[in-house]
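Observations on the model geometry
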Amino acid sequence: MTIAHFPGHPLPYDRYLEAIERETARFAAAITAKDPTAAVPTCPDWTLADLTRHLGAAQRWFSVLLTRVVQEPPRDRTVELGLPEREDALAEWLSTGVSEVLALVRTTDPDAPMWAWGADQHARFWVRRMAFETLVHRFDAERTVGRTSDIDATLAADGVDEFLVNLPYAGSFAPDVANLRGNGEAIRFECTDRESDGDSWVVRLRPDTFGIEPQRAEEAPSGQTLEHAKVRGRAADMLLLMYGRSTYDSRAFEVSGDERLLTRWFSHSAF
């Protein structure tokens, strides 16, 4: 199956730079002066300190890949992290690190060909990926400390697109996606606050693969049913649903069709 972005996605490159900077700052602000041993409800077995180390390490690792413009999967994931001795200094460590990462990313040619685990084999893949890694974990941090989280609808819708486009390629670290097979069953995910921008995706499960239909959501391939199940909700809620921070049976969503299909999808699509 051909995997295709819908019009409006990806966003302009600068939007991802702004998101990385803003979301990291919000993450750091949320954890400053908070208990680093606090359990993160959305990341079982992680503490707030674990979450912070994970995000800082991921940002630094992505920047190493961009610096090298790697052309094949790296064999060594060793990165000099410079972790502080005290966990209460992790917020400053994260903020300092992202400043260095952004200085690099701003000088990176987004169109430079390079290896990526997802659909887009260019440097821009890693910058877009970093933006949503940071955004989702900012949500995790704010929820842990009891802050109200908001997510820009345009950015959230692009995050849904980024997730769905790349999920078929995630088998190396999310082996359960191999179970997302079927006989043409289709699920539509629709952002109710982005309808004027056409943010609606149909994902079809086939015997050998799965992925977004290359047509607009309204156009069913000849002889195929457009959808067997549908989930409708705000873009921010839809993004959190994709990342397992919500469930499709919550009050945030309108659900119709085969719920067994939805259960199968969400049981195997996490990464």
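Here, the structure is the one placed above.
Residues numbered from 1 in each chain as written. Predicted model: local features only at pLDDT ≥ 70, side-chain atom pairs only at ≥ 80, totals over all residues. Heavy atoms only, no water.

1. Topic: the nonpolar core
What counts here: Note on terminology: a nonpolar core comprises buried Ala, Val, Leu, Ile, Met, Phe, Trp, Tyr and Cys residues joined through side-chain atoms within 4.5 Å. Type-normalised accessible area, obtained with a 1.4 Å probe on protein chains alone, sets the label of each residue: buried when under 20%, exposed when over 50%, and partly exposed for intermediate values. Contacts are assigned to residue pairs with any non-hydrogen atoms lying within 4.5 Å of each other.
Ranked by internal contacts, the top residues of the largest apolar core, which has 68 residues, are Trp126, Leu164, Phe189, Met238 and Trp265. Leaving out residues up to four positions away in the same chain, Met238 has contacts with Val160, Phe189, Glu190, Cys191, Val231, Arg232, Gly233 and Phe253. Of all hydrophobic cores here, the second largest spans 14 residues; its members include Ala28, Ile31, Ala91 and Leu94.

2. Quick word on the sheet that holds strand β4 (residues 229-233)
The test is simple: Pairing between two strands requires that DSSP report at least two bridges joining them. Secondary structure is summarised from DSSP: a helix means a run of H or I of at least four residues, a strand means a run of E of at least two, and numbering begins at the N terminus for each. Working convention: axes come from line fits to C-alpha atoms, limited for helices to the stretch in contact. Angles between N-to-C directions cover 0 to 180 degrees.
Strand order across the open sheet formed by five strands is β3-β2-β1-β4-β5, with mixed pairing between neighbours. Strands at the two margins of the open sheet, each flanked by one partner only, are β3 (210-212) and β5 (254-257). Strand-to-strand, the axes of this sheet are offset by a mean angle of 15 degrees, without reference to chain direction. Here helix α5 (residues 153-166) sits on the sheet and contacts β1 (186-191), β2 (200-205) and β3; the angle it forms with β2, its principal contact strand, is near 15 degrees.

3. Section: the pattern of salt bridges
Convention followed: Throughout this description, the term salt bridge denotes a Lys or Arg side-chain nitrogen within 4 Å of a carboxyl oxygen of Asp or Glu.
If you walk through the whole model with that rule in mind, you get 26 salt bridges. The salt bridge partner of Glu133 is Arg129, with a shortest N-O separation of 3.1 Å. Here Arg129 and Glu133 lie together in helix α4 (residues 123-144), a separation of four residues that amounts to about one turn. Take Glu133 and Arg129: they sit in the same class, and that class is buried. Of the charged contacts, one joins Arg206 and Glu213 as a salt bridge, the two residues approaching to 3.7 Å between their closest N and O atoms. Judged by its relative accessible area of 23%, Arg206 falls in the partly exposed class.

4. Overview of helix α7 (residues 259-268)
Threshold: Pairs of N or O atoms are called polar contacts if they sit within 3.5 Å, as long as, within protein, a hydrogen donor faces a hydrogen acceptor (for residues adjacent in sequence, only side-chain-to-side-chain pairs).
Residues of α7 that are buried: Leu261, Leu262, Trp265, Phe266 and His268. Among the residues of α7, the N-terminal cap falls to Asp258, whose side-chain oxygen and the backbone nitrogen of Arg260 are separated by 2.9 Å.

5. Observations concerning the packing of α5 against helix α6 (residues 235-242)
A pair of packed helices is captured by two measures, namely the crossing angle of their axes and the spacing between those axes. This is how the line gets drawn: Here the angle decides the label: under 35 degrees means roughly parallel, over 145 means roughly antiparallel, 65 to 115 means roughly perpendicular, and every other value means oblique. For any helix crossing, the convention is left-handed if the near helix is rotated counterclockwise from the far helix by under a right angle, and right-handed if that rotation is clockwise. The nonpolar class holds Ala, Val, Leu, Ile, Met, Phe, Trp, Tyr, Cys and Pro. Asp, Glu, Lys and Arg form the charged class, and all remaining residues, Gly among them, are polar.
Taken N-terminus to C-terminus, the directions of α5 and α6 make an angle of 30 degrees; their axes are 8 Å apart at the nearest point. It follows from the interaxial angle that α5 and α6 lie roughly parallel. Crossing of α5 over α6 shows left-handed handedness. Of α6, the residues touching α5 (which contributes Ala153, Ala156, Ala157, Gly159, Val160, Phe163 and Leu164) are Ala235, Ala236, Met238, Leu239 and Met242. Partitioning the contact of α5 with α6 into residue classes produces 11 nonpolar, one polar and no charged.

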